[in-house]
Amino acid sequence: MQRSLEHKRAAQAQVPWAALRAQAHALKKDAIEHLGSLLAEFERNFIARGGTVIWARTADEAAERFIRICRDAGAESVVKGKSMLSEELELNERLRVAGIAAVETDLGEFIVQLAGQKPTHVIAPAAHLSRQDVGRIFERELKMPYCDDPQKLSLAARTLLRERYLKAGVGMTGVNFAIAESGTLVVVENEGNGGLSASVPPVHIAIMGIEKVIRRVADLDVFLPLLARAGTGQKITTYTHHFLGPEPGKRQYCIIVDAGRTNLLADPVLRESLYCIRCGACMNVCPVYRRVGGGAYGWVYPGPIGAVVTGAMLGTQEASDLPYASTLCGACKEECPVAIDLPRQLLYLRASAVESGAKGGALERSAIRRFAAAMSDAKAYQRAVSLLRTALAIGAALPIRFGALGRWMRARAIPKPARQSFREWWARRS
Ligand code: SF4
C-alpha cells in the first residue's frame, strides 16, 4: 500500500496536480449544472454518427432494453468490458435468466465471475483475492493444474477469452466520458478487452450513467491524466478508446441510465458526488475500507463514495449506517482527483439520518450524553474506564451468545484488558 501510494505521489508530482484537480472540479461542476442540455447535445451528435440512444429511468428498464437488443441481434452470448453500472443493473444474472451467457473480459471481473463473487473495488474487482486464491479458482473452475504464477494465469484467461470474443453476438462496455460536442464515447482501460468487446462483435452496447457527459474533447486533457494517476499511478492508461459511431455493417447503442442519479442531482449537497470519475482512490486511503474491504458495504460502490451515494441511488433508508463507516479523517477528500468534499457529505447524511429518525434514538442520545459527561470530568472519566475494564474482563471470560449483542459478538472477540491501566501503572511507578 505504502509503495503504491509513493508511486502515485511520484506520478502526481509530474503534473500541476492541485491546479488540475481544481480545473476538473470546475469542469464537472459545469457539466452537472448543465446536465440536461449536454445530454441532449450528446444524443444529437451520437445519432448523427449512426448510433442509437436509449434512455432508461431505472436499472430494470436499462436491463430490459439491453436484453431486447441482444435478442433482436440473436446473441447467445455477450462479452463485457469493465462496468460498475453493469453491476448496478445485475446484468449478468438477468442475462442468465434470459438464456444469454455473460462473459466478463476484464481479468479481475473474470476472476470474480468465475468465483461466483462480486467486485470489491471499483477499479480492482478482485483486490480481495491473493494469487493463490486465483490459482485455486482457476483449478476448480477451468479444470487446469494449480498454478499461482500471475503471468500464466493471465495467459490462461486470455486464451479462453479470445475465442469468446469471436463467438459473442454483442459486446458491452461502460463509458468513462461521453463528449457532448462530438457525440463520442471514451473508454479507458489497461487490458485491451474494452476495445475488443466493442469492436469484435457485430453489436456494441455502451452503458453509462447520466453523469458521464462532459462538454468538450479538450476537457480530456484534464481528466485523463488525473484519472490514471489517481487510480493506478500511471501517467496514462494503456488504452484510451474514442468510439466514433458504428463501424460499417455494425450497430452501436448507448443506453443512458438514471437509476437514482437524479436523487443525487436534486440534492444541493449530494449533487457533488456526481462529479466522481470512479478512480477508486478514496477507497485506497480510507482506514475503514482498508480494514473491512468492499464486500462490507453491501452494494456496488464501496468506500467513502459508496457510503455517500448508495442510500440516495437505491432510494432506501437501509443504507443509513453507511455514512457512519468513516472516521472523518479527510483522507478521501485530499485524495479525490476531482476534489469532492466527501467528509462534508458524510456529515450531511448523518445529520439527515438523525433528522429523519433513522438514527439518534433515545438509547443512542443517552449513551452520547453519558460519554460527553465522562469525557468532560476527570474523575467521572476514571470511574467510567474502571467500569469498562471490568465489563471487558467479564465479557472476555463469559462471551454473550444470545440476543442482538450475542449476534454482534459472534464475529468479534472481546479484548482482554491489561491487569492494570496506564494511570494505575503510572501512579505506582511515581
Ligand atoms: S469520489 Fe473521488 S476519489 Fe472516490 S472514486 Fe470518485 S473520483 Fe475517485
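Residues numbered from 1 in each chain as written. Predicted model: local features only at pLDDT ≥ 70, side-chain atom pairs only at ≥ 80, totals over all residues. Heavy atoms only, no water.

On to the overall build of the protein chain. When helices and strands are counted, the protein chain shows 21 helices and 10 strands. On C-alpha atoms alone, the protein chain measures out to a radius of gyration of 25 Å, which is about the 22 Å that the 2.2 N^0.38 rule sets for 430 residues. Seen through its principal axes, the protein chain has C-alpha atoms that stretch 85 × 55 × 45 Å. Out of the 430 residues belonging to the protein chain, those deemed buried represent 49%. Within the protein chain, counting contacts between residues at least 6 apart in sequence, those at least 24 apart form 73% of the total. Accessible surface, the protein chain: about 21700 Å² in total, of which carbon and sulfur atoms supply 55%. A gap of 8 Å separates the mean positions of the 57 positive and 42 negative side-chain charges of the protein chain. (Helix = DSSP H or I, 4+ residues; strand = E, 2+ residues; numbered from the N terminus. Rg over C-alpha atoms; globule rule 2.2 N^0.38 Å. Buried < 20%, exposed > 50% of the residue type's maximum accessible area, 1.4 Å probe, protein only. Contact = heavy atoms within 4.5 Å. Areas by Shrake-Rupley, 256 points an atom, 1.4 Å probe, with all protein chains shown as cover. Lys, Arg positive; Asp, Glu negative; His and termini not counted. Charge placed at Lys NZ, Arg CZ, Asp CG, Glu CD.)

Attention shifts here to the sheet that holds strand E3 (residues 101-104). With respect to topology, 6 strands assemble into an open sheet ordered E1-E10-E7-E4-E2-E3, the strand pairing being parallel. Looking at strand neighbours, the two that pair on one side only are strand E1 (52-56) and E3, the edges of this open sheet. Each strand of the sheet is rotated relative to its neighbour by a mean of 25 degrees, with strand direction disregarded. (Pairing = 2+ DSSP bridges. Axes fitted to C-alpha atoms, helices over the stretch in contact; angles between N-to-C directions.)

Let us now look at the site of the ligand. In the neighbourhood of the ligand, 13 residues make up the surrounding shell, with Cys276, Cys279, Gly280, Cys282 and Cys336 lying closest. Residues belonging to the shell around the ligand are distributed by class as follows: 11 nonpolar, 1 polar and 1 charged. (Near = heavy atom within 4 Å. Nonpolar A, V, L, I, M, F, W, Y, C, P; charged D, E, K, R; others polar.)

The assigned domain composition of the protein chain is domain 1 (2-259), domain 2 (280-355) and domain 3 (364-429). For domain 1 and domain 2, the distance between their C-alpha centroids amounts to 23 Å. Facing the 21 residues of domain 1 at the interface are 20 residues of domain 2. Of the roughly 1600 Å² buried between domain 1 and domain 2, counting both surfaces, carbon and sulfur atoms make up 54%. Looking at the side of domain 1 facing domain 2, the largest losses of area belong to Arg21, Glu88 and His121, adding up to 32% of the total buried there. Our count for the domain 1 to domain 2 interface comes out at 1 salt bridge. Between Arg9 and Glu335 there is a salt bridge whose closest N-O contact spans 2.9 Å. Among the secondary structure elements, those contributing two or more residues to the side of domain 1 that touches domain 2 are helix H1 (2-13), helix H2 (17-33), helix H5 (84-88) and helix H11 (220-231). Per-element accounting of the side of domain 1 that touches domain 2 gives the leading share, 5 residues, to H2. For the side of domain 1 that touches domain 2, the per-class residue count stands at 10 nonpolar, 5 polar and 6 charged. (Domains from an automatic or database assignment. Buried area = accessible area lost by both parts, 1.4 Å probe. Salt bridge = Lys/Arg side-chain N within 4 Å of Asp/Glu carboxyl O.)

Here Phe371 lies in helix H18 (residues 362-375). A residue is classified by how much of its surface remains accessible, and Phe371, at 53% relative accessible area, is exposed. Spatially, the C-alpha atoms of Phe371 and Ala384 are 8.9 Å apart, while their sequence positions differ by 13 residues.

Moving on, we get to the environment of Lys250. The residue Lys250 is located in the loop between strand E9 (239-243) and strand E10 (251-257) in this model. Accessibility expressed as a relative area gives 25% for Lys250, which makes it partly exposed. Residues Lys250 and Leu322 lie 72 residues apart in sequence; the distance between their C-alpha atoms is 44 Å. A polar contact is formed between the side chain of Lys250 and the backbone oxygen of Ser199, at a distance of 2.4 Å. Engagement of the side chain of Lys250 in a polar contact is seen with the backbone oxygen of Val200, the distance being 3.3 Å. (Polar contact = N/O pair within 3.5 Å; in protein donor to acceptor, adjacent residues only side chain to side chain.)

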